[in-house]
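Working through the structure, step by step
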Amino acid sequence: MPWGGVGNMDSDDECSILGGCGGDPDNSTDGGCLDCWDFLRVRFFVNGNEVGGGIIGNGDNQQSGTIEATGIGVSPGDVVSIEIHGRTTASEERLTTSNIRITGTNAPVDLAPKGPFCQSSGSVALGANQNGITGNWSGIGVSGNSLNTNVGGAGIRTPDFTPNLANALCPIP
């Protein structure tokens, strides 16, 4: 929908009524900006700490836009959240948000090294829980979550750990 005023999203630098606009979305009437500044602010948080975001309507007069944050490291158990704060000044104006998405890539699971073991050590527990993520082991000499050193002969073995899908997406350490 078109914005009021000059037909677009009025920006903080357009406001000349009552001395102009302070440009502070936390105090949107600062500087006398009572009916001229429209904006949409998005902020991204990890564990309550702001890690990115942006404002549409801060000198750019955009009708729409994308605000994103990339390359932010999160760990299993982190709380990721989004805050959206908007303001319009004309009664026919509406702010709409869509396609809000939080995506991530799988972080590597740091596995504690095991061994060395003698070929005759027998069965060695590998553990079904690795840094708060449960899963299953597989490979030569692996049965369940144990490694049988008597199987496969002498040498270095690298068993595979496959996280359980439900726990891999939302682990609780």
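Below: a short report on this structure. (Residues numbered from 1 in each chain as written. Predicted model: local features only at pLDDT ≥ 70, side-chain atom pairs only at ≥ 80, totals over all residues. Heavy atoms only, no water.)

This part is about the packing of aromatic side chains. For the coordinates displayed, the defined rule picks out one aromatic pair. Seen in terms of ring centroids, Trp 137 and Phe 161 are 5.1 Å apart; in terms of plane orientation they differ by 55°. Their pairing is tilted. Taken together, the residues Trp 137 in strand 6 (residues 133-138) and Phe 161 in strand 9 (residues 160-163) connect sequence positions 24 residues apart. Here Trp 137 and Phe 161 have matching classes, each one buried. (Phe/Tyr/Trp six-rings, centres within 6.5 Å; stacked < 30°, edge-to-face > 60°. Helix = DSSP H or I, 4+ residues; strand = E, 2+ residues; numbered from the N terminus. Buried < 20%, exposed > 50% of the residue type's maximum accessible area, 1.4 Å probe, protein only.)

Sheets are built from strands that pair by backbone hydrogen bonding, the pairs being arranged parallel or antiparallel. Strand order in the open sheet made by the three strands is 2-1-3, with antiparallel pairing throughout. Of all the strands in the sheet, the pair left with one neighbour each is strand 2 (49-56) and strand 3 (80-87). Direction aside, neighbouring strands of the sheet carry axes that sit 15° apart on average. Pairing of strand 1 (residues 39-46) with strand 3 involves eight bridges; the strand directions are antiparallel. (Pairing = 2+ DSSP bridges. Axes fitted to C-alpha atoms, helices over the stretch in contact; angles between N-to-C directions.)

Here the focus is the environment of Gly 53. Residue position: Gly 53 is located in strand 2. A relative accessible area of 41% places Gly 53 in the partly exposed class. Distance in space between the C-alpha atoms of Gly 53 and Glu 83 is 9.2 Å, their sequence separation being 30 residues. Excluding residues that lie within four positions of it along the chain, Gly 53 makes contacts with Val 42, Arg 43, Phe 44 and Ile 67. (Contact = heavy atoms within 4.5 Å.)

Below, the discussion takes up the pattern of salt bridges. Applying the stated criterion across every chain, the model contains four salt bridges. Here Arg 41 and Asp 26 are joined by a salt bridge, their closest N and O atoms 2.7 Å apart. In this pair, Arg 41 sits in strand 1 while Asp 26 sits in the segment before strand 1, placing the two residues 15 residues apart along the sequence. What makes Arg 41 buried here is its relative accessible area of 8%. (Salt bridge = Lys/Arg side-chain N within 4 Å of Asp/Glu carboxyl O.)

Turning to its location among the elements, Val 74 is positioned in the loop between strand 2 and strand 3. The exposure class of Val 74 is partly exposed, given its relative accessible area of 41%. Along the primary structure Val 74 and Val 46 are separated by 28 residues, whereas in three dimensions their C-alpha atoms are 7.3 Å apart. For Val 74, the residues in contact, after removing those within four places along its chain, are Val 46 and Val 80.

The subject of this paragraph is the side chain of Arg 43. Relative to the helices and strands, Arg 43 is located in strand 1. By relative accessible area, which is 18% here, Arg 43 ends up buried. A distance of 3.4 Å separates a polar atom in the side chain of Arg 43 from a polar atom in the side chain of Glu 50. (Polar contact = N/O pair within 3.5 Å; in protein donor to acceptor, adjacent residues only side chain to side chain.)

Once that is clear, we can look at the sheet that holds strand 8 (residues 146-148). The sheet built from three strands is open, its strands ordered 4-8-7 with antiparallel pairing. Two strands in the sheet have a free side with no partner beyond their single neighbour: strand 4 (123-125) and strand 7 (142-143).

Moving on, we get to the environment of Pro 25. Looking at the secondary structure, you find Pro 25 in the segment before strand 1. On the basis of relative accessible area, Pro 25 is assigned to the buried category, the value being 9%. Sequence spacing of Pro 25 and Arg 41 is 16 residues, and the spatial spacing of their C-alpha atoms is 7.5 Å. Those residues in contact with Pro 25 that lie beyond four places of it in its chain are Trp 37, Phe 39, Arg 41, Ile 55 and His 85.

Glancing now at a nonpolar patch on the surface. Taken together, Val 51, Ile 72, Val 74, Val 80 and Ile 102 make up a surface patch of nonpolar side chains, about 360 Å² in accessible area. Relative to the helices and strands, Val 51 is located in strand 2. (Patch = residues over 30% accessible without salt bridge, like charges linked within 9 Å, V, L, I, M, F, W, Y side chains within 5 Å. Areas by Shrake-Rupley, 256 points an atom, 1.4 Å probe, with all protein chains shown as cover.)

Our next topic: unusual backbone geometry. Keep in mind that most residues, glycine aside, have a negative phi and that most peptide bonds are trans. Of note, Asn 47 is a non-glycine position whose phi angle comes to about 55°, a positive value. In this fold, Asn 47 is placed in the loop between strand 1 and strand 2.

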